[in-house]
Amino acid sequence: MQIKEKPIIIKLNPSFYSKGAILQTIKDFSSVCSSDLEKKSKFLITINPKKGIDKNELAHEFCNYCLGLMNQ
Amino acid sequence: MEDLNNLGNLKINKAENYIFFSVNPSIFSLEVVYSAAYIMIDKAYIFLDGNPKRSIDIEIRAKKENQDLKRLALEFNNELINYANYKQQNKENKEIREMILQRALQTNLITPEYTEGNIKDPKNIKEAWSEDKRPKKTKNANKRKTNNNQA
């Protein structure tokens with residue numbers, strides 16, 4: 001997993017994170033950020049947090065939420 | 001990176017405040033890793049990477065400052081063992097569980113003698129009561145009532 005700032009780009013391994021879980025997370029986080037998904041060798045999620053939202057915390061919570069969905 | 005245990009698979013990076021370790025998927029399956037991670041996501045940030053067939057790489061980052069990373073990593077390991085054991089027990093008890101469930105469901109089957117058309121109702125209990133069906137009062141009943149009131 002890699003997080004790059006400005007804007008935040010999260011790289012997630014498709015062997016562990018499904019597209020469905022990522023799309024659901026994007027939908028559920030829409031109130032705090034806008035996101036975009038692209039797939040190359042890994043899923044690339046570009047996140048633009050809304051005003052007042054901590055970038056690092058948002059990125060980490062995003063990944064945690066997505067991982068939580070994988071267990072369901 | 002500093003080794004946390006003698007197995008050498010737990011490494012701590014104090015500068016960046018995270019722990020990294022690898023799990024053998026032949027010992028702890030991906031399903032078990034997901035279950036353990038699910039328990040830990042309240043306490044820390046968990047990331048998965050690697051190859052689910054060869055080696056599952058896990059990174060644990062603290063949510064709060066001064067959080068005990070070693071403790072988190074060791075807790076995660078314990079949860080892995082916990083869920084691996086649960087999965088094993090589940091597998092071994094599957095047949096017994098299904099048998100008990102089947103037995104329980106069979107005792108709730110309705111037999112033909114108790115179906116709607118076959119129930120006998122000599123006193124007409126099934127039929128709903130209404131004012132029309134109130135029994136008419138007889139003259140003797142009225143006399144008895146007045147005698148009781150006087151007494």
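See the structure printed just above.
Everything numeric in this text was worked out from a predicted model, so none of it was measured.

### Observations concerning the interface of chain A and chain B
Next up, step 1: Between chain A and chain B, the residue contacts involve 16 residues of the former and 18 residues of the latter.
Next up, step 2: Roughly 1600 Å² is buried in total at the junction of chain A and chain B, and carbon and sulfur atoms are behind 58% of that figure.
Next up, step 3: At the junction of chain A and chain B, the tally comes to two salt bridges.
Next up, step 4: Taking the shortest distance from any N to any O, the salt bridge between B:Lys63 and A:Glu61 comes out at 3.7 Å.
Next up, step 5: At the boundary of chain A and chain B, one finds nine residue pairs in polar contact (both at pLDDT 80 or more).
Next up, step 6: Looking at the side of chain A that touches chain B residue by residue, the classes come out as six nonpolar, seven polar and three charged.

### Structural notes on the packing of helix α1 (residues 19-28) of chain A against helix α2 (residues 55-70) of chain A
All names here are of chain A.
Next up, step 1: Interhelical geometry of α1 versus α2 gives an angle of 130 degrees and a closest axis separation of 9 Å. The orientation of α1 with respect to α2, classified from their angle, is oblique. Taken as a pair, α1 and α2 cross one another with a handedness that is right-handed. For the pair α1 and α2, the contacting residues are Ala21, Ile22, Gln24, Thr25, Ile26 and Asp28 in the first and Phe62, Tyr65, Cys66, Leu69 and Met70 in the second.
Next up, step 2: Here the contact of α1 with α2 is built from residues that sort into eight nonpolar, two polar and one charged.

### As for the packing of helix α1 (residues 30-40) of chain B against helix α2 (residues 69-106) of chain B
All names here are of chain B.
Next up, step 1: Put simply, α1 and α2 touch, their axes get as near as 8 Å, and they point 130 degrees apart. Classified by the angle between their axes, α1 and α2 sit oblique to one another. Of the two possible hands of crossing, α1 and α2 adopt the one that is right-handed. In contact with Glu31, Val32, Val33, Ser35, Ala36, Ala37, Ile39 and Met40 of α1, α2 contributes Leu72, Glu75, Phe76, Glu79, Leu80, Tyr83, Ala84 and Lys87.
Next up, step 2: Its residues placed into classes, the contact of α1 with α2 shows 11 nonpolar, one polar and four charged.

### Some thoughts on the side chain of A:Asn13
Next up, step 1: Take A:Asn13: it is sitting in the loop between β2 (8-12) and α1.
Next up, step 2: A polar side-chain atom of A:Asn13 sits 2.8 Å from the main-chain amide nitrogen of A:Ser15.
Next up, step 3: Within polar-contact distance, the side chain of A:Asn13 engages the backbone oxygen of B:Gly50 at 2.9 Å.
Next up, step 4: Ignoring anything within four residues of it in the chain, the contact list for A:Asn13 reads A:Lys42, B:Leu48, B:Asp49 and B:Gly50.

### Observations regarding the nonpolar core
Next up, step 1: Ranked by internal contacts, the top residues of the largest apolar core, which has 47 residues, are B:Ile46, B:Ile58 and B:Phe76.
Next up, step 2: Among the elements that line this core, the one with the most residues is α2(A), at seven residues.
Next up, step 3: With near-sequence residues (within four places) excluded, B:Phe76 lies in contact with B:Phe21, B:Val33, B:Ala36, B:Ala37, B:Met40, B:Ile46, B:Ile58 and B:Ile60.

### Describing the pairing of strand β2 (residues 10-13) of chain B
All names here are of chain B.
Next up, step 1: As defined by bridge partners, β2 adjoins strand β3 (residues 18-23) across four bridges and the pair is classed as antiparallel. By the bridge assignment for β3, lysine 11 is matched with phenylalanine 20.
Next up, step 2: Two successive antiparallel strands, β2 and β3, enclose a turn made up of four residues, where asparagine 17 displays a positive phi of approximately 65 degrees.

### Re α1(A)
All names here are of chain A.
Next up, step 1: Turning to α1, its buried residues are Ala21, Ile22, Thr25 and Ile26. Angularly, the buried residues of α1 cover 140 degrees about the axis, an arc narrow enough to put them on a single face. Among the exposed residues of α1, those oriented more than 90 degrees off its buried face are Lys19 and Lys27.

### Side note on the packing of aromatic side chains
Residue and element names in this part refer to chain A.
Next up, step 1: For the structure on display, the rule yields three aromatic pairs over all chains.
Next up, step 2: With a centroid separation of 5.4 Å and 65 degrees between ring planes, the pair formed by phenylalanine 29 and phenylalanine 62 is classed as edge-to-face. Here phenylalanine 62 lies in helix α2 and phenylalanine 29 lies in the loop between α1 and β3 (33-39), a separation of 33 residues in the sequence. Just as phenylalanine 29 is buried, phenylalanine 62 falls in that class too.
Next up, step 3: Ring centres of phenylalanine 29 and tyrosine 65 lie 5.4 Å apart, and the angle between their planes is 70 degrees; on these two criteria the pair is classed as edge-to-face. Here phenylalanine 29, found in the loop between α1 and β3, pairs with tyrosine 65, found in helix α2; they are 36 residues apart in sequence, far enough to count as distant.
Next up, step 4: An aromatic cluster is present here, built from Phe29, Phe62 and Tyr65 joined pairwise through their rings.

The rules behind the values
- Residues numbered from 1 in each chain as written.
- Chains lettered and ligands numbered in written order.
- Predicted model: local features only at pLDDT ≥ 70, side-chain atom pairs only at ≥ 80, totals over all residues.
- Heavy atoms only, no water.
- Contact = heavy atoms within 4.5 Å.
- Buried area = accessible area lost by both parts, 1.4 Å probe.
- Salt bridge = Lys/Arg side-chain N within 4 Å of Asp/Glu carboxyl O.
- Polar contact = N/O pair within 3.5 Å; in protein donor to acceptor, adjacent residues only side chain to side chain.
- Nonpolar A, V, L, I, M, F, W, Y, C, P; charged D, E, K, R; others polar.
- Axes fitted to C-alpha atoms, helices over the stretch in contact; angles between N-to-C directions.
- Helix = DSSP H or I, 4+ residues; strand = E, 2+ residues; numbered from the N terminus.
- Parallel < 35°, antiparallel > 145°, perpendicular 65-115°, else oblique.
- Left-handed = near helix turned anticlockwise from the far one by under 90°.
- Core = buried A, V, L, I, M, F, W, Y, C linked by side-chain atoms within 4.5 Å.
- Buried < 20%, exposed > 50% of the residue type's maximum accessible area, 1.4 Å probe, protein only.
- Pairing = 2+ DSSP bridges.
- Arc of directions from axis to C-beta.
- Phe/Tyr/Trp six-rings, centres within 6.5 Å; stacked < 30°, edge-to-face > 60°.

Distances and angles like these do not, on their own, reveal function.
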